[in-house]
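Fold and contact review
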Amino acid sequence: MTNKGRIFSGVQPTGNLHLGNYLGAIRNFVNLQHDYEAIYCVVDLHAITVWQDPKVLRANTREIAAAFLAAGIDPTKSIIFNQSQVSAHANLAWIFNCVSRLGWLNRMTQFKDKAGKNRENASTGLYAYPNLMAADILAYKATHVPVGEDQKQHLELTRDIAQKFNNDFGVDYFPLTEPLILGTSTRVMSLRDGTKKMSKSDPSEYSRISLMDGPDELQQKVRKAKTDPLPVPDLEALDDKREITADVKAERPEAVNLIGIFSTLANQTTEETVKEYGGQPFSDFKKALTDVAVERLGPIGTEMKRLMADEGHVDAVLKDGAERAAAIAEPILNEVQDIVGFLRP
Ligand code: TYM
């Protein structure tokens, strides 16, 4: 077994965990745990940047932990825990609030999207959110962070914070973390609108596939997924890198999205998928997509439901994970405090 470095990644417990979270992130977490030391976090501190009902937050935290386990993360090898239970995250985030610049945060597109028009009423936590994310990663000096494409800007900010910290204090302490944006589904789009990201907050249930959807829901959602009247794109839609051309992506976003989802679920390349289904009507392709979705997601959903009924087990995994995470983060936080000049009598 090779150890290529240390991975950290997080998922917010804000409900409606969906196929984008699975294909863009969690599925990669599972594959990467063999090659890296892996730390996977349910980021409850991030969740409360938008108000959460306490009861629902607790349930959603267990839901994400259950999803990690059901997807195949091995809690004896990798660390699974919830962020609020390791105080180094909040501690380091404060230090980073003082390193990060207003100008940097002002450029964050996720804040703009989430705060919407009513910016004055957004929480200060939502604004400082990327600083906490940098703290999550750097509290473990993680070298790599697997995420979907939408987190790329936050990871650039994490590098900026690490670099400024190192410069400000004249040290070579924090690593410049590399994003791992892997696979054919780094940006899964809404099933109702191929120009919008599949998201937890979309009001339409039909816009996303939930990890706990059963066969009937999967079939219905795939059948109703928006497409265009043309058949499945064929090999002519590919460029020299054997990926779908930018023109086809722009003209047929829904069709391209379904091809991406199918390819990832079936563990095959885009080229293999268009070779197999190119020229066929979408109704046939959707049947194949439903079959592979039921085959791949069905067991995960069933296991998630089983685990969510076993709170004791999930809580024990989180507790053990928090202890192991703290054992890594605490010494790092202490070193940072020394670098900054905090007296530790
Ligand atoms: P969150 O909870 O929104 O999403 C969890 C992961 O799922 C990915 N993702 C997607 N991938 C492909 N297509 C989509 N439609 C899609 N939607 C979401 C996200 O990119 C992410 O990898 N800020 C983070 C959580 C976080 C974090 C961290 C991540 C907090 N601290 C430190 C990495 C490292 C977030 O809101 O993810």
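Computed from a predicted model, the values in this text were never measured in an experiment. (Residues numbered from 1 in each chain as written. Predicted model: local features only at pLDDT ≥ 70, side-chain atom pairs only at ≥ 80, totals over all residues. Heavy atoms only, no water.)

Splitting the chain by domain gives domain 1 (6-185 + 311-340) and domain 2 (205-307). Spacing between the C-alpha centres of domain 1 and domain 2 amounts to 29 Å. Here domain 1 and domain 2 share an interface that buries about 1600 Å² over both sides, 70% of which is from carbon and sulfur atoms. In terms of surface lost to domain 2, no three residues of domain 1 exceed Leu19, Ala70 and Thr184, which account for 34% of the buried area on that side. Counting residues per element, the ones that place at least two in the side of domain 1 that touches domain 2 are helix H1 (19-32), helix H3 (54-71) and helix H14 (311-340). Element by element, the count of residues in the side of domain 1 that touches domain 2 is highest for H3, at six residues. Residue composition of the side of domain 1 that touches domain 2, grouped by class: 10 nonpolar, five polar and three charged. (Domains from an automatic or database assignment. Buried area = accessible area lost by both parts, 1.4 Å probe. Helix = DSSP H or I, 4+ residues; strand = E, 2+ residues; numbered from the N terminus. Nonpolar A, V, L, I, M, F, W, Y, C, P; charged D, E, K, R; others polar.)

Turning our eyes to something else, we now look at H1. Compared with an ideal rise of 1.5 Å per residue, which puts 14 residues at 20 Å, H1 spans 18 Å between its outermost C-alpha atoms and is within 8% of the ideal. Most pronounced at Ala25, the bend in H1 amounts to some 35°. Among the 14 residues in H1, 13 count as buried, and that is most of the element. (Expected span 1.5 Å × (residues − 1). Bend = angle between axes of the 7 residues up to and from the residue. Buried < 20%, exposed > 50% of the residue type's maximum accessible area, 1.4 Å probe, protein only.)

What follows concerns the site of the ligand. Neighbouring the ligand are 28 residues, the closest being Tyr129, Asp136, Asp150, Val188 and Lys200. One of the backbone nitrogen or oxygen atoms of Gln12 is found 2.9 Å away from an oxygen atom of the ligand. Residue Asp150 places a side-chain N or O atom 2.4 Å away from an oxygen atom belonging to the ligand. Elements represented by at least two residues in the shell around the ligand include exactly strand E1 (6-11), H1 and helix H7 (124-138). Tallied by class, the residues present in the shell around the ligand amount to 11 nonpolar, 12 polar and five charged. (Near = heavy atom within 4 Å. Polar contact = N/O pair within 3.5 Å; in protein donor to acceptor, adjacent residues only side chain to side chain.)

On to the packing of aromatic side chains, then. Scanning the model with the defined rule gives 15 aromatic pairs in all. Look at Phe111 and Tyr127: their rings are 5.1 Å apart centre to centre, the planes differ by 80°, and that puts the pair in the edge-to-face class. Residue Phe111 is found in helix H6 (residues 109-115), and its partner Tyr127 is found in helix H7; the two are separated by 16 residues along the sequence. Note on accessibility: Phe111 and Tyr127 belong to one class, buried. One aromatic cluster is present, formed by Phe96, Phe165, Phe169, Tyr173 and Phe174 through successive ring pairs. Against the face of Tyr173 rests Lys141, its NZ or CZ located 3.7 Å from the ring centre. Positioned over the ring face of Tyr206 is Lys224, at 4.9 Å from the centre of the ring. (Phe/Tyr/Trp six-rings, centres within 6.5 Å; stacked < 30°, edge-to-face > 60°. Lys NZ or Arg CZ within 6 Å of the ring centre and 35° of its normal.)

It is worth spelling out unusual backbone geometry at this point. With a phi angle near 55°, Asn16 is a residue other than glycine that sits in the positive phi range. With respect to the element layout, Asn16 can be found in the loop between E1 and H1. Phi angles above zero are rare outside glycine, and Asn267 is one such case at about 55°. Its place among the elements puts Asn267 in the loop between helix H11 (253-265) and helix H12 (270-277). With relative accessibility at 54%, the residue Asn267 sits in the exposed group.

In the contact formed by H3 and H14, the axes pass within 10 Å of each other and the chain directions differ by 80°. Taken together, H3 and H14 sit at an angle that is classed as roughly perpendicular. Taking contact as the criterion, the partners of Arg62, Ala65 and Leu69 in H3 are, on H14, Glu311, His313, Val314, Asp315, Val317 and Leu318. Per-class residue counts for the contact of H3 with H14 are five nonpolar, one polar and three charged. (Axes fitted to C-alpha atoms, helices over the stretch in contact; angles between N-to-C directions. Parallel < 35°, antiparallel > 145°, perpendicular 65-115°, else oblique. Contact = heavy atoms within 4.5 Å.)

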